[in-house]
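# Architecture and fold: a report
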Amino acid sequence: MSGPLPEISAEQRQTLEQFRKQMSDVLVDTHDDYFLLRWLRARKWNLEAAEKMLRASLKTRAMWNVDNIEKWDAPRALKEYLPYGLIGYDNEGSPVLVCPFYNFDIWGMMHCVTRFEFQKYLVLLIERFMKSAYEQSLKHGWKARQLVVFFDMQDVNLKQYAWRPAAECVISSVKQYEANFPELLKMCYIINAPKLFSVAFNIVKKFLDENTTSKIVIYKTGVDKWQQQLFSHVDPKDFPKAWGGQLVDKHGDPQCKSLMVWGGKLPEDLFIDQSTQQSDKDFTETQVAKGDKLKLHFKVNGDKLEEPAQSQLLSWEFRTIDYDIKFGIYSVDEKTGEKRSEIPLGTVYSNEMDEVGFITTRPNTTYTVVFDNSASYLRSKKLHYWVDLTTEEEEGITELTHQMDSTQIVAKQQ
């Protein structure tokens, strides 16, 4: 595949060609020059940094099983209640996404899906948007390969984001986006931002590249100055009337609800109750004594010369009863003795929400999973956990996500 490419200098072209040579062992036909250019720009044309970033992203892409992501049957809560709509294109062909963010019930969503599923669904949507943008670029040029995003925050309840599982989900999703979709954003408009939004955004933007934040403009409630900027490159005829444009849907609705997923409060019948779920995982019940640690060791053997070994995932799912606990993973390379922190030891509020995740392992390495209660001198912690090595086959990640649907959220709305 060869798509449109912006003008670059002779020196930059040489860097791009060198980048392709260095990445040749992992590139496929869909990785055209524009794709590579995104990573170079994201790392300010530093070859070493761009290569590190792209290789890490390709590894993450494999873990998400992105090449087969359209085969995934996403939970109904995500398909029917995550608000967004692809509403036309700007004058350079870029897809325009509209999100009535005030209709996003994140508290309800976190009671219906795992954080893993939520992030995977965002990846699925972004992949669809990128496909649309690429098709547009064949007619309109390379600038169409970026996205215009519009968020309406009118009367959004930001208090729900003080709930730790919601906050962690947002931060984690932002980090995933920044690490895996560089140079994708063309412009982001956030309108009707409530007073507390600036506080929340100052936290979130710590995880965003400065180039990304430079493309985000925020307008307070009641301020309509954004219209002049938006409509300088988006035709009002192709933008919903409810937000200053002229477009209505087939029902005459100025909000164009039939053209997007409108969101709304999630019904409780979609909430996950682990007591009614079946699981093929062999969970263990234990108690981590006050002032003590529980350590679990997993050894990953080396590759066999006659047959390349399939990569393995170290996967986990656990919850604690009543209290949080510290969780982390470190590894030791058996050949070099090098010790690495895979998951930094930190407090996990698994008494509020099941903690679910995985990492890709390396051969000839021993991994140690740590549940740490050493800082507690008064309380032992009841722990319900499953940790194991799983083989990543063609549909391995999809199966893994299916196994995660037994997550129980025990927190109550505050």
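Higher on the page you've got the structure.
In short, a report on the structure. (Residues numbered from 1 in each chain as written. Predicted model: local features only at pLDDT ≥ 70, side-chain atom pairs only at ≥ 80, totals over all residues. Heavy atoms only, no water.)

### Observations regarding the sheet that holds strand β2 (residues 95-99)
Keep this limit in mind: At least two bridges found by DSSP between two strands is the condition for calling them paired. The helix count covers DSSP runs of H or I at least four residues long, the strand count covers runs of E at least two residues long, and both are numbered beginning at the N terminus. Note on method: axes are straight lines fitted to C-alpha atoms, helices fitted across the in-contact stretch only, with angles between N-to-C directions ranging 0 to 180 degrees.
Ordered in space as β1-β2-β3-β4-β5, the five strands form an open sheet in which the pairing is mixed. Each end of this open sheet is capped by a strand with a single partner; those strands are β1 (85-89) and β5 (216-220). Each neighbouring strand pair of the sheet contributes to a mean axis angle of 20°, computed without reference to strand direction. Judged from the six bridges that link them, strand β3 (residues 147-152) and strand β4 (residues 185-193) form a sheet pairing that is parallel.

### A look at the packing of aromatic side chains
This is how it is decided: Stacked, tilted and edge-to-face are the three classes applied to pairs of Phe, Tyr and Trp rings, where Trp contributes its six-membered ring and a pair requires centres within 6.5 Å; stacked means planes under 30 degrees apart, edge-to-face means over 60, and tilted covers the rest. Buried, partly exposed and exposed residues are distinguished by accessible area as a fraction of the type maximum, computed with a 1.4 Å probe on protein chains only: under 20%, between the cut-offs, and over 50%, respectively.
Scanning all chains against the criterion turns up 25 aromatic pairs. When the centroid spacing of 6.2 Å and the interplanar angle of 20° are considered together, the rings of F101 and Y161 count as stacked. Of this pair, F101 sits in the loop between β2 and α5 (106-109) while Y161 sits in the loop between β3 and α7 (164-180), placing them 60 residues apart in sequence. Of the two residues, F101 and Y161, both sit in the buried class.

### Brief notes about the packing of helix α3 (residues 47-64) against α7
What counts, and what does not: Any angle that is under 35 degrees is reported as roughly parallel, and any over 145 degrees as roughly antiparallel; angles of 65 to 115 degrees are reported as roughly perpendicular and all others as oblique. In what follows, residue pairs with any heavy atoms lying within 4.5 Å of each other are defined as contacts. Residue classes follow a fixed rule: Ala, Val, Leu, Ile, Met, Phe, Trp, Tyr, Cys and Pro count as nonpolar, while Asp, Glu, Lys and Arg count as charged, and any other residue, Gly among them, counts as polar.
Direction vectors running N to C along α3 and α7 enclose 125°, while the axes themselves pass 9 Å from each other. What the angle tells us is that α3 and α7 run oblique. Residues M53, S57, T60 and W64 of α3 form the contact with α7, whose participating residues are Q176, E178, A179 and N180. Looking at the contact of α3 with α7 residue by residue, the class counts come to three nonpolar, four polar and one charged.

### A word on the environment of S315
Tracing the backbone through its elements, the reader meets S315 in strand β8 (residues 312-321). Remark: the alpha-carbon pair of S315 and V387, spanning 72 residues in sequence, is separated by 5.7 Å.

### Side note on the sheet that holds strand β7 (residues 293-300)
Taken in spatial order, the four strands line up as β7-β12-β9-β10 in an open sheet, and their pairing is antiparallel. Strand pairing shows two members of the sheet lacking a second neighbour, β7 and β10 (339-348), which therefore form its edges. Sheet twist, expressed as the average angle between the axes of neighbouring strands with direction ignored, equals 10°.

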